[in-house]
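So the chains spell out like this:
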Amino acid sequence: MVLAILFALCGAASNGFGTVLQRRAARAAPDRERFRPALMLDLLRRRTWLLGIGTAIGGFVFQAAALSVGELSLVQPLFAAELPLTLVIMRLFFHSRPGRRAWIGGLGMAIGLATLLIALAPHAGNQHVPPVAWIVALSVIAALILGLVLAGRSPGATGAAVLGAAAGIGFGTTAAVMKVVMGQLRVSIVGMLASWQVYTMIAAGILSFFLLQNALQSGSLVATQPAVTLSDPIVSVVLGVVLFHDQVRFGFWLIPEIIGLALILAGSIELSRSPVLTSRTST
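Report on the accompanying structure.

## Focus: the overall build of the protein chain
Thinking step 1. Secondary structure assignment for the protein chain yields 13 helices and 0 strands.
Thinking step 2. Listing the helices and strands of the protein chain from first to last along the sequence gives α-α-α-α-α-α-α-α-α-α-α-α-α.
Thinking step 3. In terms of C-alpha radius of gyration, the protein chain reaches 18 Å, essentially the compact-globule figure of 19 Å for 283 residues.
Thinking step 4. If you line up the protein chain on its principal axes, its C-alpha atoms span 45 × 40 × 35 Å.
Thinking step 5. Among the 283 residues that make up the protein chain, the fraction classed as buried is 53%.
Thinking step 6. Considering only contacts in the protein chain between residues 6 or more positions apart, those separated by 24 or more positions represent 85%.
Thinking step 7. When the accessible surface of the protein chain is totalled, it reaches about 12700 Å², and 73% of it is carbon and sulfur.

## Examining the layout of surface pockets
In this approach the atoms are scanned with a rolling probe the size of a water molecule, which exposes any empty space left behind.
Thinking step 1. Size it by volume and the largest pocket reaches roughly 690 Å³.
Thinking step 2. If you trace the largest pocket, you find 28 residues lining it, with Asn15, Ala56, Phe60, Phe171 and Phe209 closest to the centre.
Thinking step 3. In terms of residue count, helix H3 (residues 47-69) provides more of the lining of the largest pocket than any other element does, 7 residues in total.
Thinking step 4. Residue composition of the lining of the largest pocket, grouped by class: 15 nonpolar, 11 polar and 2 charged.

## Regarding the packing of H3 against helix H8 (residues 157-187)
Thinking step 1. Close contact between H3 and H8 brings their axes to 9 Å; oriented N to C, the two are set at 70°. By the angle between their axes, H3 is roughly perpendicular relative to H8. Note on packing geometry: the crossing formed by H3 with H8 is right-handed. Of the residues in H8, those in contact with Phe60, Gln63, Ala64, Leu67 and Ser68 of H3 are Ala175, Met178, Lys179, Met182 and Arg186.
Thinking step 2. Looking at the contact of H3 with H8 residue by residue, the classes come out as 6 nonpolar, 2 polar and 2 charged.

## Describing the packing of aromatic side chains
Thinking step 1. Enumeration according to the criterion identifies 4 aromatic pairs in this entry.
Thinking step 2. Here tryptophan 49 and phenylalanine 209 contribute two aromatic rings whose centre-to-centre distance is 5.9 Å and whose plane-to-plane angle is 55°, an arrangement assigned as tilted. Here the residue tryptophan 49 occupies a position in helix H3, and phenylalanine 209 occupies one in helix H10 (residues 196-218), the gap between them amounting to 160 residues.
Thinking step 3. According to the relative accessible area criterion, tryptophan 49 is buried, its value standing at 4%.
Thinking step 4. With a relative accessible area of 21%, phenylalanine 209 lands in the partly exposed category.
Thinking step 5. Here tryptophan 134 and phenylalanine 244 contribute two aromatic rings whose centre-to-centre distance is 6.2 Å and whose plane-to-plane angle is 80°, an arrangement assigned as edge-to-face. With tryptophan 134 in helix H7 (residues 131-151) and phenylalanine 244 in the loop between helix H11 (221-242) and helix H12 (254-272), this residue pair connects regions lying 110 residues apart in the sequence. Neither tryptophan 134 nor phenylalanine 244 differs from the other in exposure class; each is buried.
Thinking step 6. A connected cluster of aromatic rings, assembled from ring pairs, spans Trp134, Trp196 and Phe244.

## Quick notes on the packing of helix H2 (residues 37-44) against H10
Thinking step 1. Following both chains from N to C, one finds H2 and H10 inclined at 80°, their axes separated by 11 Å at the closest point. The angle between H2 and H10 places the two elements in the roughly perpendicular class. Here Leu39, Met40 and Leu43 of H2 come into contact with H10, specifically with Phe209, Phe210, Gln213, Asn214 and Gln217.
Thinking step 2. Across the contact of H2 with H10, the residue classes break down as 5 nonpolar, 3 polar and no charged.

## Some points on unusual backbone geometry
Note on backbone geometry: most residues besides glycine have negative phi, and most peptide bonds are trans.
Thinking step 1. The backbone of alanine 121 shows a phi angle near 45°, a positive value even though the residue is not glycine.
Thinking step 2. Relative to the elements of secondary structure, alanine 121 occurs in the loop between helix H6 (100-120) and H7.
Thinking step 3. One non-glycine residue, histidine 245, lies in positive phi territory at about 60°.
Thinking step 4. Looking at the secondary structure, you find histidine 245 in the loop between H11 and H12.
Thinking step 5. Residue classification places histidine 245 among the partly exposed residues on the basis of a relative accessible area of 42%.

## Overview of the nonpolar core
Thinking step 1. Counting 67 residues, the largest nonpolar core has Trp134, Leu239 and Phe244 as the members making the most contacts within it.
Thinking step 2. By residue number, the principal contributor to this core is H8, which donates 13 residues.

## Structural notes on the side chain of glutamine 63
Thinking step 1. Here glutamine 63 shows up in helix H3.
Thinking step 2. Of the residues examined, glutamine 63 reaches a relative accessible area of 10% and is grouped as buried.
Thinking step 3. In this structure the side chain of glutamine 63 is engaged in a polar contact, spanning 2.8 Å, whose partner is the side chain of glutamine 76.
Thinking step 4. Here glutamine 63 is in contact with Gln76, Phe79, Ala175 and Met178, once residues within four sequence places are set aside.

The rules behind the values
- Residues numbered from 1 in each chain as written.
- Predicted model: local features only at pLDDT ≥ 70, side-chain atom pairs only at ≥ 80, totals over all residues.
- Heavy atoms only, no water.
- Helix = DSSP H or I, 4+ residues; strand = E, 2+ residues; numbered from the N terminus.
- Rg over C-alpha atoms; globule rule 2.2 N^0.38 Å.
- Buried < 20%, exposed > 50% of the residue type's maximum accessible area, 1.4 Å probe, protein only.
- Contact = heavy atoms within 4.5 Å.
- Areas by Shrake-Rupley, 256 points an atom, 1.4 Å probe, with all protein chains shown as cover.
- 1 Å grid on protein atoms, 1.4 Å probe; cavity = no way out; pocket = protein on both sides within 12 Å on 5 of 7 lines; lining within 4 Å.
- Points joined across faces, edges and corners; volume = space filled by probe spheres on them.
- Nonpolar A, V, L, I, M, F, W, Y, C, P; charged D, E, K, R; others polar.
- Axes fitted to C-alpha atoms, helices over the stretch in contact; angles between N-to-C directions.
- Parallel < 35°, antiparallel > 145°, perpendicular 65-115°, else oblique.
- Left-handed = near helix turned anticlockwise from the far one by under 90°.
- Phe/Tyr/Trp six-rings, centres within 6.5 Å; stacked < 30°, edge-to-face > 60°.
- Core = buried A, V, L, I, M, F, W, Y, C linked by side-chain atoms within 4.5 Å.
- Polar contact = N/O pair within 3.5 Å; in protein donor to acceptor, adjacent residues only side chain to side chain.

So this is what it looks like as structure tokens:
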């Protein structure tokens, strides 16, 4: 569990910093490039975006390491810490001054995350998922993401939030499939490459990444990031319980879990307003 937490926090820091850099580049792209290959071609020419991608790849490696030793319902909620950790990184290495409200938002997110995980108290369940369960789960998720994409095609804050939620659901699903892939890798790399899960993971990851770029290009970080921050861990916990039979607490514990989610949402909104994270500078 200690290793899973450590790897997850390193991944969250990498993801958060990478998202900020990607957002700075994506916001500089013209609106006419939305949902077009031209958007990706434009971003590939921007050094800020490429640096963000490199950082995000590091986050992916840490995430895979965390999922190989920890439960899905423990690892993915920890990725909600990406914004507070980004704030710390930018303060230490870039000498930025986020301001008191930003620090309060980061503290609120940290308290909310701790409250959520203590209340959930996730424990490992059965790691074998029947094919039928995968088919049903992935079909429902695909329909949900399609509906959100159709609803979020208009630029602006609402579209950015809806696409951010779709991206977060995609990232949570990618993590669920990644956990199976990492288990297969420990047994045999040949067996992993022969499985459908590894290619589903790649496809889901690419789709989620594309949706995130469109969300970041559509509106402000304050519209996009809270939706991503909440939808990813919620979907991951649901999939962890439904597919992997992770054991979490409900009943009375739903009250502190909802409070924790509310603190994460409020802190995320406050942090996303910080000028340190919302600068439009791009190269």
